[in-house]
Amino acid sequence: MIKKLAYRQRRQMWVCICLLSFMVILLSGLELMWGNTFYSPWEVIQALVHQDNFAVVQLRLPRVLVGILCGFAFGIAGHSFQTMFRNPLASPDIMGVSSGAASFAVFGLLVLHKSGIVISILSVMGALFTSFLIYRFANNTDSKLTKMILVGLGMQAFLQALISYMILKAAPNDLSNAMRWLSGSLNHSSMDEVLRLLPIVILIGGILMWIQPHVQILKLSKEMAIPLGVNVKRIQMLVFVCAVILAAVAASTTGPIASVAFLSGPIAQKISRQNQNSLPIAGLVGSLIVLLADCISQNVLPIRYPVGVITGVLGAPYLIYTLLRLNKKGGRG
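Residues numbered from 1 in each chain as written. Predicted model: local features only at pLDDT ≥ 70, side-chain atom pairs only at ≥ 80, totals over all residues. Heavy atoms only, no water.

Mind showing me how you'd approach the overall build of the protein chain here?
Regarding its fold elements, the protein chain presents 14 helices and zero strands. The secondary structure elements of the protein chain, listed N-terminal to C-terminal, are α-α-α-α-α-α-α-α-α-α-α-α-α-α. Sorting the 333 residues of the protein chain into buried and exposed places 50% on the buried side. Counting contacts in the protein chain only where the partners sit at least 6 residues apart, residues at least 24 apart contribute 75% of the total. (Helix = DSSP H or I, 4+ residues; strand = E, 2+ residues; numbered from the N terminus. Buried < 20%, exposed > 50% of the residue type's maximum accessible area, 1.4 Å probe, protein only. Contact = heavy atoms within 4.5 Å.)

For this particular structure, what's the right way to read the packing of aromatic side chains?
Think of a pair of aromatic rings as described by two things: how far the centres are apart, and how the planes are tilted against each other in angle. This model, assessed by the stated rule, comprises three aromatic pairs. Between phenylalanine 104 and phenylalanine 129, the ring centres sit 6.2 Å apart and the planes meet at 50 degrees, which makes this aromatic pair tilted. On the criterion of sequence distance, the pair formed by phenylalanine 104 in helix α4 (residues 97-110) and phenylalanine 129 in helix α5 (residues 117-138) is long-range, its members being 25 residues apart. For phenylalanine 104, a relative accessible area of 27% translates into the label partly exposed. Residue class for phenylalanine 129 comes out partly exposed when judged on its relative accessible area of 43%. A network of ring pairs unites the aromatic residues Phe81, Tyr135 and Phe240 as a single cluster. (Phe/Tyr/Trp six-rings, centres within 6.5 Å; stacked < 30°, edge-to-face > 60°.)

What exactly am I supposed to notice about the environment of tyrosine 39 here?
Inspection of the secondary structure puts tyrosine 39 in the loop between α1 (2-33) and α2 (41-50). Given a relative accessible area of 15%, tyrosine 39 falls into the buried group. Put simply, tyrosine 39 and alanine 55 are 16 residues apart on the chain and 10.0 Å apart in space, counted from C-alpha to C-alpha.

Just to check I follow, could you spell out a nonpolar patch on the surface for this structure?
Residues Ile117, Val118, Ile121 and Met125 make up a contiguous nonpolar surface patch of roughly 340 Å² in combined accessible area. Of note, isoleucine 121 is situated in helix α5. A relative accessible area of 46% means that isoleucine 121 is categorised as partly exposed. (Patch = residues over 30% accessible without salt bridge, like charges linked within 9 Å, V, L, I, M, F, W, Y side chains within 5 Å. Areas by Shrake-Rupley, 256 points an atom, 1.4 Å probe, with all protein chains shown as cover. Salt bridge = Lys/Arg side-chain N within 4 Å of Asp/Glu carboxyl O.)

What is the right way to read unusual backbone geometry from this model?
Outside of glycine, negative phi angles account for most residues, and trans bonds account for most peptide bonds. Here histidine 113, not a glycine, exhibits a phi torsion of approximately 60 degrees, which is positive. In this structure, histidine 113 sits in the loop between α4 and α5. Residue histidine 113 is classed as exposed on the basis of its relative accessible area, which comes to 53%. With phi around 75 degrees, serine 259 is a residue other than glycine that occupies positive phi space. Here serine 259 shows up in the loop between α11 (232-254) and α12 (260-272). The exposure class of serine 259 is buried, given its relative accessible area of 11%.

Quick question: what am I supposed to make of the side chain of asparagine 53 here?
With respect to the element layout, asparagine 53 can be found in the loop between α2 and α3 (54-85). Judged by its relative accessible area of 17%, asparagine 53 is buried. Within the structure, asparagine 53 has its side chain in polar contact with the backbone nitrogen of valine 56 (distance 3.2 Å). If we skip the residues at most four places from it in the chain, asparagine 53 touches Tyr39, Ala47 and Gln58. (Polar contact = N/O pair within 3.5 Å; in protein donor to acceptor, adjacent residues only side chain to side chain.)

Help me understand the packing of α3 against helix α13 (residues 279-299), please; the structure alone is not making it clear to me.
Each pair of packed helices can be described by the angle between their axes along with the distance between the axes. The N-to-C vectors of α3 and α13 enclose an angle of 135 degrees; their axes lie 6 Å apart at closest approach. Relative to α13, the element α3 lies oblique. Viewed along their axes, α3 and α13 form a crossing whose handedness is right-handed. In this structure, α3 uses Arg63, Val64, Gly67, Ile68, Gly71, Phe72, Gly75, Ile76, His79 and Ser80 to contact α13, whose residues at the interface are Leu279, Pro280, Ala282, Gly283, Leu284, Gly286, Ser287, Val290, Leu291, Asp294 and Gln298. The class makeup of the residues in the contact of α3 with α13 is 10 nonpolar, nine polar and two charged. (Axes fitted to C-alpha atoms, helices over the stretch in contact; angles between N-to-C directions. Parallel < 35°, antiparallel > 145°, perpendicular 65-115°, else oblique. Left-handed = near helix turned anticlockwise from the far one by under 90°. Nonpolar A, V, L, I, M, F, W, Y, C, P; charged D, E, K, R; others polar.)

It is not clear to me how α5 should be interpreted in this structure. Could you clarify?
Owing to its 3.6 residues per turn, the α-helix brings residues three or four apart onto one side. Spanning 22 residues, α5 covers 32 Å between terminal C-alpha atoms, matching the ideal 32 Å at 1.5 Å per step. What α5 keeps buried is the set Ile119, Ser120, Leu122, Ser123, Gly126, Ala127, Thr130, Ser131, Ile134, Tyr135 and Ala138. (Expected span 1.5 Å × (residues − 1).)

What am I meant to see in the environment of glycine 126 here?
With respect to the helices and strands, the residue glycine 126 is situated in helix α5. A relative accessible area of 0% places glycine 126 in the buried class.

How should I be thinking about the packing of α3 against α12 in this particular structure?
Running from N to C, α3 and α12 point in directions that differ by 70 degrees, and their axes come no closer than 7 Å. Comparing the axis directions of α3 and α12 gives the class roughly perpendicular. The segment α3 lies against α12, with Gly71, Phe74, Gly75, Gly78, His79 and Gln82 engaging Val260, Ala261, Phe262, Ser264, Gly265, Pro266 and Gln269. Residues that form the contact of α3 with α12 fall into these classes: five nonpolar, eight polar and no charged.

Put into structure tokens, the structure is as follows:
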């Protein structure tokens, strides 16, 4: 019976992965074809083979690949946070990690007047530093995971206020780059960014998938995990660090694309029907959300908004629904 259940779960997981992968490929192809100039599927294939079409190869292809990789990174980072903290509100963009990256990046853009790789390095440093502060402030409490969520929410509010202050004090000429970065955008994506993202997403994502069996045991209860040989503190720290690095690297490339990390985990859980191996599904859902939002913003709406604006609109109703649901549960308790 147990073997049949495990086989059914594996089959269900692979069916979900194949379907979502097909949808990602389909949307990617649509983005490569659709734009100011429409290219047929055959013309897109010819351009990719011969590398002779600037719009497809230099503009659309890097944009699609960066969207896939950053969406995947945000998706599994958010799912890892939510699984470890056992709370749907626990995601990098809710707990202040993305705001930490944004505050350092805005400081580099508006105060130091830097750009490019310097901003990417600063945003990663900001996310890691913010995560370290959250961990340290909550480290000396008995209910550390719950306290980390509360500290993260407070840190989020403080960093957003700091970002607003820097924007108000900035020169008008410097604001456009900062606002574009803050909104989360795939504009100006390049193959260099793809080459930087790919090994990090593969390595860190592989580590998170490798330790998923321990994480799932830990998700049930800490008391159950210890007798089964799970080093609770080590697993929690590893998950936290890996998820922060993924979110930081993705945010350093595109800016903090709103709600992707927050939405991917719950959608993956619904699709997989609480399958224990839903981490890769969450990553593919993240890629799908980013590509779909970018396709809408670039080709459907009359004004081309940054992709983060569309994902933010998608995530806001779900955030309200989650808060109401948690409040109702708390009231019943």
